[in-house]
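What follows is the residue order along each chain.
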Amino acid sequence: MSVLPAISPPPFDPPYPTKGARFAPGDTVRVKKGAAPGHMRTPWYLRGHTGRVERVCGDFANPEELAYRRDGLPARPLYRVRFTMAEVWGNGAERARDTIDAEIFEHWLEPADAP
Amino acid sequence: MPHDHHDHDHDHFHHEGTSPSGHPYRPDNDQPLTYWQRIEIEVRVLLVEKGITTAAGINAQIARMDARTPAQGARVVARAWDDPEFKARLLADGSKAMAEMGIEPDGLKLVVVENTPEAHNVVVCTLCSCYPRNLLGLPPDWYKTRAYRSRMVREPRAVLGEFGLDLPDDVQVRVHDSTADMRYLVLPRRPAGTEGWDRERLEALVSRDCMIGVAVPEAG
């Protein structure tokens, strides 16, 4: 059972261009449990956890390819996703309703109700 | 026993390997250059030889990096406290707003997170040491330690307490992990008792730590 944070979607558009993001602020998303063979910017401690999209940042080159001198294109939507401490650390959370925001690329996210 | 190394009673005695004030001397770096140090030198010499850049150009760039200090961030914060329209622009697009003040963001993509009576923000980079250098200069050493990076997402209140910041239970702590392309600046709350202060006086209240979120500004 996920413990979700409250989100107030920002009252402005993403400052960086996006060709269209699959998720919108407030959507409930889960970080995929995959792994990339090499450099990745999805922190291990958030894999498998569910949070809410806080904002869409814009489209950015894929760091998993940039790290190996590829161009990382097409750029992919990047989100700020908010998680509760209760969701990430369970009963060991220091305070359940405190939150962690992290930037997660779209290809690491799936709808929370995905099987 | 003036020559007893374990005797602390003598004011004029210095332990071996420590300065007169008792700090250890940093060892001389007599070891050979590492592989990456050699590569850096070779590439730099080649770039200059081939006319792609100049030694003066490299020095100027280093000077430009060294000139960035938290005072730039303090200017941005003080203006946001003093100018609600600027604050709205800063929250919507931090890089554009700092450029408006003549602070060049270069590649910095700045997200500004605002402290409120209900929520306190703090910044960490668990994966490495991402930091808004173009705005605040180099990060403090502790920001790059494994202890700060791992503990700030796990027990932020305990870490903030060690910095001397004890937050009330009804204030939510929001930790921001700089995992990808954005960099973060905390916009602290303007302290009570600063009504009517000019910007310069406000700027003096805004420390680097306030803008990372491990401290809050206080008036006098």
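Residues numbered from 1 in each chain as written. Chains lettered and ligands numbered in written order. Predicted model: local features only at pLDDT ≥ 70, side-chain atom pairs only at ≥ 80, totals over all residues.

Caption draft 1: Expanded view of the interface of chain A and chain B. Tallying the contact residues gives 21 residues for chain A and 22 residues for chain B. Elements supplying a minimum of two residues to the side of chain A that touches chain B: strand 2 (50-60) and strand 4 (99-105) of chain A. The element that contributes the greatest number of residues to the side of chain A that touches chain B is strand 4 of chain A, accounting for six residues. Of the strand pairs in this sheet, strand 4 of chain A and strand 3 (residues 172-177) of chain B are connected by four bridges, and their pairing is parallel. Note that in strand 3 of chain B the partner of D101(A) across the bridge is H176(B). (Contact = placed C-beta atoms within 7 Å. Helix = DSSP H or I, 4+ residues; strand = E, 2+ residues; numbered from the N terminus. Pairing = 2+ DSSP bridges.)

Caption draft 2: A look at the domain arrangement of chain B. In terms of domain boundaries, chain B breaks down into domain 1 (35-66) and domain 2 (70-212). Here domain 1 of chain B and domain 2 of chain B have C-alpha centroids that lie 32 Å from each other. (Domains from an automatic or database assignment.)

Caption draft 3: Molecular detail of the nonpolar core. Residue and element names in this part refer to chain B. In this structure, V77, V122 and V186 are the most contacted members of the largest nonpolar core, which totals 63 residues. Top element by residues in this core is helix 3 (residues 70-82). It accounts for six residues. The contact partners of V186, leaving out residues within four places of it in the chain, are V113, N115, N121, V122, V123, C210, M211, I212 and G213. (Core = buried A, V, L, I, M, F, W, Y, C linked by C-beta atoms within 7 Å. Buried ≥ 20, exposed ≤ 12 C-beta atoms within 10 Å, placed from the backbone.)

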